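Each chain is listed here by its residues.
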Amino acid sequence: MGQERAVLAGGCFWGMQDLIRKLPGVAATRVGYTGGDVPNATYRNHGTHAEGIEILFDPAVISYRQLLEFFFQIHDPSTPNRQGNDLGMSYRSAIYYVDDAQKEVALDTIADVDASGLWPGKVVTEVEPVGDFWEAEPEHQDYLERKPDGYTCHFARPGWVLPKRAAE
């Protein structure tokens, strides 16, 4: 089947990349700007884009659903335009689907997160079709690998894990 692509936004891209890249089945990640209005977005000029992460993954090893469940565990999807101390549209929670199958999985996962009652509030994650992804500057790529003590507001929350579904 080959690799599939996922594009997610959940606050500062440094911490998301650091955690997601370590998942079995994730082949590559890069951080950038997506979901907004500025062509050729940069850190200094990204308009309404979110800080996002592009993920290439092997669906034979990790499903899109499993990727999204981890995404919801490492950021707070119930805070509009905010993650930790980071405030503004750049730090919103969003899923940018590449096809109708991903859209369906995203909406289903969000419904399960909301129904679980495990998260601090209702999910405000945007679900939109993928658009342009503008790769961030080199100093933002692999940031926490180069600076292990650098800033992050992302961490795995053990209490935010959906129960296994009967089909899994």
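Residues numbered from 1 in each chain as written. Predicted model: local features only at pLDDT ≥ 70, side-chain atom pairs only at ≥ 80, totals over all residues. Heavy atoms only, no water.

The name that an unreviewed UniProt entry assigns to the protein chain is Peptide methionine sulfoxide reductase MsrA, with the source organism given as Donghicola mangrovi. For the protein chain, the Function (unreviewed entry) comment in UniProt is given as "Has an important function as a repair enzyme for proteins that have been inactivated by oxidation. Catalyzes the reversible oxidation-reduction of methionine sulfoxide in proteins to methionine." You can read under Sequence similarities (unreviewed entry) in the UniProt record for the protein chain the words "Belongs to the MsrA Met sulfoxide reductase family." (UniProt positions renumbered as here; feature names shortened; annotations may be inferred.)

### A short note on helix α3 (residues 100-116)
An ideal rise of 1.5 Å per residue puts 24 Å on 17 residues; α3 measures up with 24 Å between its terminal C-alpha atoms. All buried positions along α3 are accounted for by Q102, A106, T109, I110 and V113. With its buried residues spanning 100° around the axis, α3 presents them on a single face. What points out from α3, more than 90 degrees from its buried face, is the exposed set D100, E104 and A115. Close packing links the buried residues of α3 with β1 (4-10), α2 (64-74), β6 (93-97) and β7 (126-129). A distance of 3.2 Å separates the backbone nitrogen of A101 from a side-chain oxygen at the start of α3, and that oxygen is part of D99. After α3 finishes, the residue G117 shows a positive phi value of roughly 75°. (Helix = DSSP H or I, 4+ residues; strand = E, 2+ residues; numbered from the N terminus. Expected span 1.5 Å × (residues − 1). Buried < 20%, exposed > 50% of the residue type's maximum accessible area, 1.4 Å probe, protein only. Arc of directions from axis to C-beta. Contact = heavy atoms within 4.5 Å. Polar contact = N/O pair within 3.5 Å; in protein donor to acceptor, adjacent residues only side chain to side chain.)

### Overview of the packing of aromatic side chains
According to the stated counting rule, one finds five aromatic pairs in the structure shown. Ring centres of F71 and F72 lie 5.2 Å apart, and the angle between their planes is 55°; on these two criteria the pair is classed as tilted. With respect to class, F71 is no different from F72; both count as buried. A cation over a ring is seen here: R157 above F155, with NZ or CZ 4.0 Å from the ring centre. (Phe/Tyr/Trp six-rings, centres within 6.5 Å; stacked < 30°, edge-to-face > 60°. Lys NZ or Arg CZ within 6 Å of the ring centre and 35° of its normal.)

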